[in-house]
Amino acid sequence: MVSKPKLQCSLCNERLAEGEDIEEHLLNEHEPRELASEIAAEWEAEEFAGTE
Ligand SMILES: [Zn+2]
């Protein structure tokens with residue numbers, strides 16, 4: 001048996017239940033606007049990390 005790593009939502013830091021789909025969680029628990037700003041923040045963080 002392969003044990004999958006526990007997924008954690010980066011928006012609310014909630015651990016997803018076994019077998020729960022991250023996509024389902026995002027769609028059910030979060031607004032598209034929330035998701036967009038989270039993704040934008042991640043991209044910005046990556047850009048800053050790349051420049052030294
Ligand atoms: Zn969440």
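The following refers to the structure shown. (Residues numbered from 1 in each chain as written. Predicted model: local features only at pLDDT ≥ 70, side-chain atom pairs only at ≥ 80, totals over all residues.)

## What about the overall build of the protein chain?
For the record, the criterion: Runs of E in the DSSP output that reach at least two residues are strands. Runs of H or I that reach at least four are helices, and both are numbered from the N terminus. A residue is called partly exposed when the number of other C-beta atoms within 10 Å of its own lies between 12 and 20, exposed at 12 or fewer, and buried at 20 or more, with C-beta atoms placed from the backbone.
In terms of helices and strands, the protein chain carries two helices and zero strands. In the protein chain, buried positions account for 0% of the 52 residues.

## Topic: helix α2 (residues 32-50)
Selection criterion: Multiply 1.5 Å by the residue count of a helix minus one, and that product is the helix's expected span.
Over its 19 residues, α2 runs 27 Å from end to end, which matches the ideal 27 Å to within 8%, given 1.5 Å per residue. α2 sits mainly on the outside: zero of its 19 residues count as buried.

## Observations regarding the environment of Lys6
Going by this rule: We call two residues in contact when the distance between their C-beta atoms, placed using the backbone, is within 7 Å.
Within the element layout of this structure, Lys6 appears in the segment before α1 (22-29). Owing to 10 C-beta atoms within 10 Å, Lys6 belongs among the exposed residues under this scheme. A C-alpha to C-alpha distance of 9.5 Å links Lys6 and Gly19, two positions 13 residues apart in sequence. Apart from residues no more than four positions distant in its own chain, Lys6 is found in contact with Arg15 and Leu16.

## As for unusual backbone geometry
Trans is the common state for peptide bonds, and a negative phi is the common state for residues other than glycine. Here the phi dihedral of Asn13 falls at roughly 60 degrees; this positive angle occurs in a residue that is not glycine. Note on placement: Asn13 falls in the segment before α1. Its 7 C-beta neighbours within 10 Å are what place Asn13 among the exposed residues.

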